[in-house]
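# Breakdown of the fold
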Amino acid sequence: MWDTICDVLLDAGLDTLKLIPFLFVTYLLMEWFEHRTETKTQSAVLKAGRLGPLIGGVLGVVPQCGFSAAASSLFAGGMVTAGTLVAVFLSTSDEMLPIFISETVPVPTILMILGTKAVLGIVAGFLLDGIYHGMLRRPLRYKNITNPHSVHEVCEGEHCQCEEGSIFKSAVFHTLQITLFIFIFSLIIGGIVEWVGEDAITNLFTGAPVVGVLLAGLVGLIPNCAASVVLTELYLDGVIGAGPMMSGLLVSAGVGILVLCRLNRRHWKQNLGIIGYLYVIGVICGLVIDALGVSF
């Protein structure tokens, strides 16, 4: 019993420790890039107009931890369309990219996944705008001002600290945060594998592919970076395939959904509609990928 526990702790610790240098370097570069481009990114989305889903889908691929939150803030202020918001949510990679890089996933594979998410986000965004603002003739709730502090307040509420101090401090914080997530998840998965069996876990997702895609999509809806960490690690460990992985990561928008529900709470039906649309798109795409036998 104790030997098994020690083995699980040791394996989880070693697997996590080897990722720290790669995660730190990746986050340091991401923080530097985000601080250099954050204002320009939001400005580009604001000026996009009806091309919002295209701009949002492309820029959403750039790993900025606050971009999905910023998009929710802009939408709640009536500055961008629902399709633009959805495009950002579907294309954003959250914690997937740094984990892929730290695990030395081939660059072509990473680019293929990011490109697929961006294309699907753009298409789904234009489709939603066509339905919501075209067929249903619902006008954009435009306002002359939005709340410039909303994203910062949410970051503080989530103890993100991404706005505090230097890029070095932010990179250290994010590295430690994700390292802790990975260690805890590795510990849980290691324990489950030991006591339940790897075959039983894999069969949960592969034995009934539709159920696996549905479950992965629900995990992706968790408004926290832990969702993308879990899904990415499950995919890299071979527990889930490309379909469930894509289903969950398409839906996973970090704290973006949480920001949407907080800032747009007066329009809760609209929020539910957007979240439901995200989930449906993610599940459909996951099922299609599974049916076609696509692998990354």
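Below is a summary of the structure that appears in this document. Nothing here was measured: the structure is a model prediction, and the numbers come from that model.

## Some thoughts on the overall build of the chain
Looking only at helices and strands, the chain features 15 helices and 0 strands. Burial status across the chain gives 48% buried among its 296 residues. In the chain, the proportion of contacts linking residues at least 24 apart, taken out of those at least 6 apart, comes to 80%. When the accessible surface of the chain is summed, it comes to about 14200 Å², and 68% of that surface belongs to carbon and sulfur atoms.

## A short note on the environment of Ala69
For Ala69, the position within the fold is in helix H4 (residues 67-76). For Ala69, a relative accessible area of 1% corresponds to the buried category. Separated by 20 residues in sequence, Ala69 and Phe89 have C-alpha atoms that sit 9.4 Å apart.

## Some words on unusual backbone geometry
In this model, Thr104 sits at a positive phi of 50 degrees, which is unusual for a non-glycine residue. Of note, Thr104 is situated in the loop between helix H6 (96-102) and helix H7 (107-135).

## Remarks on the nonpolar core
One finds Val86 and Phe296 to be the most contacted residues of the largest nonpolar core, which totals 47 residues. It is helix H15 (residues 268-292) that provides the largest number of residues to this core, a total of 7 residues. Setting aside its immediate chain neighbours within four residues, Val86 contacts Ala124, Leu128, Ile274, Tyr277 and Leu278. Formed by 5 residues, the second largest nonpolar core is a distinct cluster that contains Ile99, Ile178, Ile182 and Cys225.

Calculation rules
- Residues numbered from 1 in each chain as written.
- Predicted model: local features only at pLDDT ≥ 70, side-chain atom pairs only at ≥ 80, totals over all residues.
- Heavy atoms only, no water.
- Helix = DSSP H or I, 4+ residues; strand = E, 2+ residues; numbered from the N terminus.
- Buried < 20%, exposed > 50% of the residue type's maximum accessible area, 1.4 Å probe, protein only.
- Contact = heavy atoms within 4.5 Å.
- Areas by Shrake-Rupley, 256 points an atom, 1.4 Å probe, with all protein chains shown as cover.
- Core = buried A, V, L, I, M, F, W, Y, C linked by side-chain atoms within 4.5 Å.

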